[in-house]
Amino acid sequence: MSTTAAHPAGTGFRVYHPALPEVCPRDPARMALAADADGRCEIFTWNATTGTARQVTDSPHGTLHCALDADARVWWFAEDRDGRGRWYFQDFAGGARRPGLTGLRTGLPHGLAVSDAGTVAIGLGNGRGMSVHLGRPGGPARQVCRVDGQALLVGSSPSGGLLALSGAAGSDRAVTLISCSGAVLDRLSGRHGRLWALGFAPSPAGTELLLVQEHQDRYRLATWRPGRGLLPQDWCCFDTEITARWYPDGRRVLIRQDRHGRSTLTAADLDRHTLTPVPTPPGTLLDAVPHPGDDVHHLWTDTATPPRMRSTAGTRLPALATLPAPAPGRHRELWTPGPDGPVHTLLSEPDLVTGRRPPLVFLVHGGPADHDRDAYDPEVHSLVASGFAVARVNYRGSTGYGPRWRAAYGAGVGLTQVADLVAVRTDLLRRGLARPDATGLWGSSWGGYLTLLALGTRPDLWQAGVAVKPVADCAAAYRTGTPALRALDERLFGGTPDDVPERYARSSPLHYAAAVRAPLLVIAATLDAKCPPGQVRGYLTALQRAGAAHESMWLETGHDGYTGAHHVAVLQRAMGFLDQHLRRAPAAHRTPRPTEDGAAGGTGPAGTPGA
């Protein structure tokens, strides 16, 4: 455990997974955050009064999850390369680390909640479900309950007497309320409108849970109280996705809305039924948290500016790493007509475009319950600075455009989204903003899946593709993936691979592998639980048999890596590949070259170049 000397206030933190610092409820000047430490994501404390930081963790694989309780104890989840580990805590000023609860086996992080009464609840996953354990910090653990399938510990009531668990938002057990003995007090269904639990009100005077409910093509706030059940707040509805947090005092909440690639903040008074806008600059708010005295901390960014932490009351927050000047390029948005409404695209172009149009890269977002934002992206920065144009398409299924858009899969899973990418490509060609001979795809996770599917189903349209940690075989990924992803697949496909095998096959990139014509780079991870390596290897074998030109690169990480070295390695390999096939050489089909690992243009498990 590292307890290094304090860093100067001017240190620019790099945040790999942008989020605001956790703040001590009793002393808002004390904070904890995950930030860069020599290329790894580690946990730091931050003292706003003195402007100093202290590194808390020092793990060879990085540390991401952290919390700060009312007694200013710093909590973190120490995990191995497989993502399994234990919760530990330490005093804010340092000292010995202690286990969150004793007697627990390692597991996956499925939630942490520390009550005002001094109890801690820990959710640990095993790949098939979750167990919840309760006790005093540093004391023995007592198992409260076990849950099969998708589950997460959302929070604990201030008294510690009630715990909230979330399941699949559209299931019969979207939210479950249990006592500290494990007895079920209430179970809220999301069958007639998906339901998400957000956390208990901080006031010890009563027990009130905040939720968001999807209802009649809108999203509305709701609350739950013992004996009264679910109470929809019909006056507080929004046309696109929202999330919310309680203010420290009173029955007020701060609502963050994502709409058309940008964000807004609104304060809602649950007693007066009023909505008050909270002014913020145009762009994206990656996180926003209310604090005492109407202070709101928010993490703001736009396409040209890396994330910046701001406070409406002028509280001193950690300085994040920034750029000496705005990111290069010209940035605008376009709308393309589509069968379920216009498709929104964020387009970034090099500053100087003379003569022939630059190559265009579709940077395909993951999810699918996510969206591209008017937010800084290092991949966009790198591509534009290297002379590429970048199109980020919020295809059907993306968030930020309302429930109907999110549920629009008329042409089938994946195939609907590919149709939107094709429509935008056609529109950009019509506008003279792209070249038909220099267009590529680059996506990660679900975006990598769409990249593979687009290359196989519309092979005549693309000249190169990069798929990072993708789903390549939908049925195989279902059988070896996580409970949460199995629940998502069942909702999207309408059943399991045994129930509807033809739907899984029709939407699987493996089904179209022999049709791929554009050079393809596949980057996968040996410890990936979300997009397992076995189904990627099966796809690479299919490419090999078909004689399709491809390269592969393997990383010894899970799906979500925390080290800068892996990010840089992927960025460099992908950029070089796209530069070679979209700009330096004609985009003709190439005969694959054999390598030591048997995959054309492949690399070994450690990411080192093949022969």
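Scroll up to find the structure this text is about.
Since the model is a prediction, treat every value here as computed from it, not as a measurement.

Q: Pulling in residues and values, what's your account of the environment of Asp 427?
A: Inspection of the secondary structure assignment puts Asp 427 in helix α3 (residues 415-430). Note: C-alpha distance between Asp 427 and Leu 334 (93 residues apart in sequence) is 9.4 Å.

Q: How would you sum up the pairing of strand β23 (residues 262-269)? Please name residues and give values.
A: For β23, the tally of buried residues reaches six of eight residues, placing the bulk of the element in the interior. As defined by bridge partners, strand β22 (residues 252-259) adjoins β23 across eight bridges and the pair is classed as antiparallel. Bridging across to β23, Ile 255 finds its partner in Thr 266. Remark: two residues form the turn of the hairpin made by β22 and β23, two consecutive strands paired antiparallel; His 260 in that turn has positive phi of roughly 55 degrees. Pairing between β23 and strand β24 (residues 274-278): five bridges, direction antiparallel. Bridge pairing in β24 places Leu 265 opposite Val 278. Taking the residues between adjacent antiparallel strands as the criterion, β23 and β24 are bridged by four residues, where His 273 takes a positive phi near 55 degrees.

Q: Could you give me a rundown of the packing of aromatic side chains, with the residues and numbers involved?
A: Under the defined criterion, the tally for this structure stands at ten aromatic pairs. An angle of 35 degrees between the planes, with centres 4.8 Å apart, marks the rings of Trp 75 and Phe 89 as tilted. Note that Trp 75 is positioned in strand β6 (residues 73-79) and Phe 89 in strand β7 (residues 85-91), a separation of 14 residues in sequence. One aromatic cluster in this structure is built from Trp 335, Tyr 401 and Trp 405. Taking NZ or CZ as reference, Arg 252 lies 4.0 Å from the ring centre of Tyr 247, over its face.

What counts as what
Residues numbered from 1 in each chain as written. Predicted model: local features only at pLDDT ≥ 70, side-chain atom pairs only at ≥ 80, totals over all residues. Heavy atoms only, no water. Helix = DSSP H or I, 4+ residues; strand = E, 2+ residues; numbered from the N terminus. Buried < 20%, exposed > 50% of the residue type's maximum accessible area, 1.4 Å probe, protein only. Pairing = 2+ DSSP bridges. Phe/Tyr/Trp six-rings, centres within 6.5 Å; stacked < 30°, edge-to-face > 60°. Lys NZ or Arg CZ within 6 Å of the ring centre and 35° of its normal.

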